[in-house]
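# Observations on chain architecture
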Amino acid sequence: MAKRRRKERSCCASLYCGKALAKTLTEPAIFARETSCDCRAPHEKLTIAQARRGTPVDRPVRVYADGIFDLFHSGHARALMQAKNLFPNTYLIVGVCSDELTHKYKGFTVMTELERYEALRHCRYVDEVLRDAPWTLTPEFLETHKIDFVAHDDIPYSSAGSEDVYKHIKEAGMFVPTQRTEGISTSDIITRIVRDYDVYARRNLQRGYTAKELNVSYINEKKYRLQNQVDRMKEKVRTVEEKSKHFVYRVEEKSHDLIQKWEEKSREFIGNFLELFGPDGTWKQVFQERSGRMLSYALSPRESPCSSPPHELSPVRSPSPPSPIARWHAARPSPPASPKGATASISSMSEGDEDEK
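Residues numbered from 1 in each chain as written. Predicted model: local features only at pLDDT ≥ 70, side-chain atom pairs only at ≥ 80, totals over all residues. Heavy atoms only, no water.

An unreviewed UniProt entry annotates the protein as choline-phosphate cytidylyltransferase of Betta splendens. According to the UniProt record, the Function (unreviewed entry) comment for the protein reads "Catalyzes the key rate-limiting step in the CDP-choline pathway for phosphatidylcholine biosynthesis." What UniProt states about the protein under its Sequence similarities (unreviewed entry) heading is, verbatim, "Belongs to the cytidylyltransferase family." (UniProt positions renumbered as here; feature names shortened; annotations may be inferred.)

Now the structure itself:
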């Protein structure tokens, strides 16, 4: 009998291990059947101390966490992460309440029950999803699904005419508390949507939803569409302003570069000019050297060389016949230069005449 029990426990352990390997990050969690435990061995009740020590070794500790999980968010995921990590070897079963129970005891949901089931299946901490979970956990339900512990935040959850629906679980020593994540909840998300209703309505109208689908009146539809057009115009104006600012910035940058280069070239030009024509410039030195050379030439000119070759006489050319004007000038008597000369010429002429006589 003892051998048979050990064999059944080993089979149960291998079954759990196979399920755990199949429900890793590669595949979504399975949906629970009528009974989610195929082990036929008697389910021994565990204490929290035993579970934290890792016993029993032949099976994981079965932890149950339930909720609505509407608009599944990080607060839900962190609570399930804590439930999964309560013990060294944990098999986490998550119960999701149906739309009928939720609408009856809590209120209307954003997501349908099928959407909420699928959201839980793809959380990596979940090993099994239990659909249409009960609102209150009965001993028969706990026994059917071989549940060792129930995980939930320890704030009293008043519902269905009870101050705390987990009161009997706590009294039985099967309750393990988890911590809530502050700043995030389904109610907070819905509050944000309601607060910014106009923004989301305008966004969905712009994306192609009809006013009927959004339950928006005709007047509000026209108002939202007008506001969308105004926003588009503002965006265009803002874009033009940004481009203009960028263009002006580039022009200013280029102007600054040009002015800087002009200043550098101006300094270079002025420096070169002063270097040439300044008080101690190169041009003054050149002028002084030339002036000194000219003065030295004027005071002491160079002598011609003594061994200069003699001037050669040009060959005698036959005289050309005089022109008529030249002959007239030659025959014309030249006037006397002075009266004395004239008297001298007259006396010489008279003497000549007397000699001829």
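Right, let's talk about the nonpolar core for a bit. In this structure, Leu80, Val94, Leu120 and Val126 are the most contacted members of the largest nonpolar core, which totals 22 residues. Going through the elements one at a time, strand E2 (61-67), helix H3 (74-84), strand E3 (90-96), helix H5 (113-121) and strand E5 (149-153) are the ones with two or more residues in this core. Each residue touching Val126, except ones within four places of it in the same chain, is listed here: Ala29, Leu80, Leu92, Val94 and Leu120. Ala32, Tyr91, Ala133 and Val150 belong to the second-largest nonpolar core, a separate cluster that totals 16 residues. (Core = buried A, V, L, I, M, F, W, Y, C linked by side-chain atoms within 4.5 Å. Buried < 20%, exposed > 50% of the residue type's maximum accessible area, 1.4 Å probe, protein only. Helix = DSSP H or I, 4+ residues; strand = E, 2+ residues; numbered from the N terminus. Contact = heavy atoms within 4.5 Å.)

On to unusual backbone geometry, then. Apart from glycine, the bulk of residues carry a negative phi angle, and the bulk of peptide bonds sit in the trans form. Positive phi values are uncommon outside glycine, yet Leu71 reaches one of about 50°. On the secondary structure map, Leu71 appears in the loop between E2 and H3. Its identity is not glycine, yet Lys146 carries a phi of approximately 50°, on the positive side. By secondary structure assignment, the location of Lys146 is in the loop between helix H6 (139-144) and E5.

Evaluation of the coordinates by the stated rule reveals 12 salt bridges. Of the charged contacts, one joins Asp99 and Arg116 as a salt bridge, the two residues approaching to 2.6 Å between their closest N and O atoms. Residue Asp99 is located in helix H4 (residues 99-105), and its partner Arg116 is located in helix H5; the two are separated by 17 residues in the primary sequence. Using a relative accessible area of 17% as the deciding quantity, one classes Asp99 as buried. A relative accessible area of 0% means that Arg116 is categorised as buried. The partner of Asp153 in a salt bridge is Arg180, with the nearest N and O atoms 3.6 Å apart. Pair noted here: Asp153 is in strand E5 and Arg180 is in the loop between strand E6 (175-178) and helix H8 (186-195), with a separation of 27 residues, a long-range link. With a relative accessible area of 12%, Asp153 lands in the buried category. (Salt bridge = Lys/Arg side-chain N within 4 Å of Asp/Glu carboxyl O.)

Of the residues in the protein, 71% have a pLDDT of 70 or more, and the chain-wide mean is 79. Here helix H14 (residues 339-356) is the element of the protein with the lowest mean pLDDT, 46, and H3 is the one with the highest, 97. Predicted confidence for residues 311-317 stays below pLDDT 50, and this span has 0 contacts to residues more than four positions away or in other chains. Overall, residues 336-357 carries pLDDT values under 50, and its contacts beyond four positions in sequence, including any with other chains, amount to 2 contacts. (pLDDT = per-residue confidence, 0-100.)

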